[in-house]
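# Fold and geometry: a report
These are the residues of each chain, in order.
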Amino acid sequence: MDYIKEKLISIGRPQAELVKKIQKDYGNKVIQEVTLDQVFAGMRGVVSLLTCTSKLDPEEGIRFRGYSIPELREKLPKIKEDGEPLPEGLFYLMLIGELPSHEDVKFISEAWAKRAQNIPHHVFDVIDALPKSAHPMIQFNAAILAMSTESHFRRAYLSGLDKKEYWDPMYEGVMDLISRLPVIAAYIYRRVFHNEKYIDPDPSLDWSGNLAHMMGFDSEEVKRLMRLYMVIHADHEGGNVSAHTTHLVGSALSNPYYSFSAGMNGLAGPLHGMANQNVMHWLERMIDELGTDAPSTEQVRAYAQKTLSAGNVIPGYGHAVLRKTDPRFTVQLDFANKYIPEAPLIQLVKKVYEVVPDLLVQTGKVKNPWPNVDAISGSLLSSYGITEYPVYTMLFGVSRALGVLTQLIWDRLYGLPIERPKSQTLDWFIDKVGYKE
Ligand code: NMX
Ligand code: MLT
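Quick caveat, the model's predicted, so the values are computed rather than measured. (Residues numbered from 1 in each chain as written. Chains lettered and ligands numbered in written order. Predicted model: local features only at pLDDT ≥ 70, side-chain atom pairs only at ≥ 80, totals over all residues. Heavy atoms only, no water.)

### Some remarks on the side chain of serine 251
Basically, it comes down to this: Every helix listed is a DSSP run of H or I at least four residues long, and every strand listed is a run of E at least two residues long, numbered separately from the N terminus. Under the scheme applied here, a residue whose accessible area is under 20% of the maximum for its type counts as buried, over 50% as exposed, and between as partly exposed, the area being computed with a 1.4 Å probe on protein chains only. Here a polar contact is recorded for every N or O atom pair within 3.5 Å, except that within protein the pair must consist of a potential hydrogen donor and a potential acceptor, and residues adjacent in sequence are included only if both atoms are side-chain atoms. Whether two residues are in contact is decided by their heavy atoms: any pair within 4.5 Å suffices.
Its location among the elements puts serine 251 in helix H12 (residues 241-251). Among the residues examined, serine 251 registers a relative accessible area of 6% and is labelled buried. In terms of polar contacts, serine 251 uses its side chain to reach the backbone carbonyl oxygen of leucine 248, at 2.7 Å. Residues in contact with serine 251, not counting those within four places in the same chain, are Arg412, Pro417, Ile418 and Glu419.

### Description of a nonpolar patch on the surface
Definition in use: Note that patches include only residues with greater than 30% relative accessible area and no salt bridge, and the join distances are 9 Å for like charges and 5 Å for nonpolar side chains (Val, Leu, Ile, Met, Phe, Trp, Tyr). Note on areas: these come from Shrake-Rupley sampling with a 1.4 Å probe, and a residue is covered only by the protein chains present in the view. Throughout this description, the term salt bridge denotes a Lys or Arg side-chain nitrogen within 4 Å of a carboxyl oxygen of Asp or Glu.
Taken together, the side chains of Val34, Leu36, Val39, Phe40, Leu426, Val433 and Tyr435 present a nonpolar region at the surface, about 670 Å² in accessible area. Every element with two or more residues in the nonpolar patch is listed here: helix H2 (36-40) and helix H20 (426-433). Summarising the element assignment, valine 433 is placed in helix H20.

### Quick notes on the pairing of strand S1 (residues 54-57)
Put simply, the rule is: Any two strands with at least two DSSP bridges between them are considered paired.
Here S1 shows one buried face, formed by Ser54 and Leu56, and one open face, formed by Lys55 and Asp57. As defined by bridge partners, S1 adjoins strand S2 (residues 61-64) across four bridges and the pair is classed as antiparallel. Residue pairing in the sheet places lysine 55 in a bridge with arginine 63 of S2. Hairpin connection from S1 to S2: three residues lie between these consecutive antiparallel strands.

### Considerations on helix H13 (residues 256-267)
Cut-off, in case you're wondering: By definition here, a helix of n residues has an expected span of 1.5 Å times n minus one.
Here H13 is 12 residues long and its end C-alpha atoms lie 16 Å apart, about the 16 Å a rise of 1.5 Å per residue gives. As for H13, its buried residues are in contact with helix H7 (136-146), helix H8 (152-158), helix H9 (167-193), H12 and helix H19 (392-414). Capping the start of H13, asparagine 255 holds a side-chain oxygen 2.8 Å from the backbone nitrogen of tyrosine 257, two or three residues further along.

Bear in mind that shape data such as this cannot, by itself, settle questions of function.
Here is the structure:
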């Protein structure tokens, strides 16, 4: 057993016992009242998930095991002091609950590089069977499902493993799956956009550096951006669509490939992870319509107003939980201001930021008028030469694996049961609230 697994189980067992004890002793305690509005409004604010990897504060944004994004950038191991933290370290933090050492990060980096080497050939055949015009998320998800032939978890379940030990094959599957996602994503990118000119992995590189390398970007700048991108998209507590779906499907004891693939189908929705691609289409249409990539503030305002008047959302703005500018937006803007302040797309993103919040407030209905992570991520990638918008959600997905799959290991450690909330008909709600015509 590797030492990370040993550490995990030494922390995980007592916590799993604590969960059982709290449930036994306090199971009848009322922790929250739920209103009809909450149910009809997509369960907003209904506390119904046990998630340990991260927690979202509406005003402050995300914290991973208690650490904010600025704190992660300061405290997680990096390759160079002035670089970005390695996502391997964030994975360790989310899994173990403690900051990793450089050795821990090196161990994970090397383990992933090794595990990434044995992707079965049929996975690439499955991708190749799809038309290149299929959206990268379709190809990505097909590949994830195709990899489930390798599932340790499925095999262990069928062999009758004691359920207290389910976390172990789950850990093995999660490690394999995470290690392989950059290879898959880069393969799809090169297949669709670079005439199938594939680039071999370089096992001496870190997980994100290798992804940049296999996509065809070997500069230190793009690798640094990729590390940042992979860290900030990794997790957003348990209730977002991709995390919740992965967890829900996993609760049926589906293997990590089935569970993560389900989550990725949710990420592909325009209100969730596909928003990063849609922001780019929205900006591109603005540039085309106005005939300039440096429009005036007034022109941007009029264009945004037109979007709203047509009954469409402004992609990259708003959030179901956040009520302030997303710190993931801020950190990317800081990064851009530091390294590429003159980039036209970054200038445009700033102009949009100047005008859109006021317009959204004026609608009188938008609860959060501020930008989210997607308002800038595509512009940043594009400014660094990754200009093919359809791959942005797939890159989000590679990163999101870190958080949701770590939680899946913890779900099995906690021994959480199959998830099964109650639904009611409209008549039931009408009776319940005492509605009379
Ligand atoms: N532009 C226009 N209208 C909006 C926007 C926006 N950016 N955000 C919310 N609204 C509308 C929303 O459609 C709803 O209208 P109606 O009552 O007519 O149905 C109303 O404002 C109230 O919605 P909220 O309660 O503020 O937002 P909700 O929690 O339902 O949805 C989002 C959150 C993120 C789905 C929503 O803000 C949105 O559609 N934003 C644009 C898409 C986007 O950027 N998604 C990415 C989210 C982050 N991620 O990566 O996943
Ligand atoms: C996310 O990163 O998952 C999004 O911001 C959506 C959310 O938190 O609901």
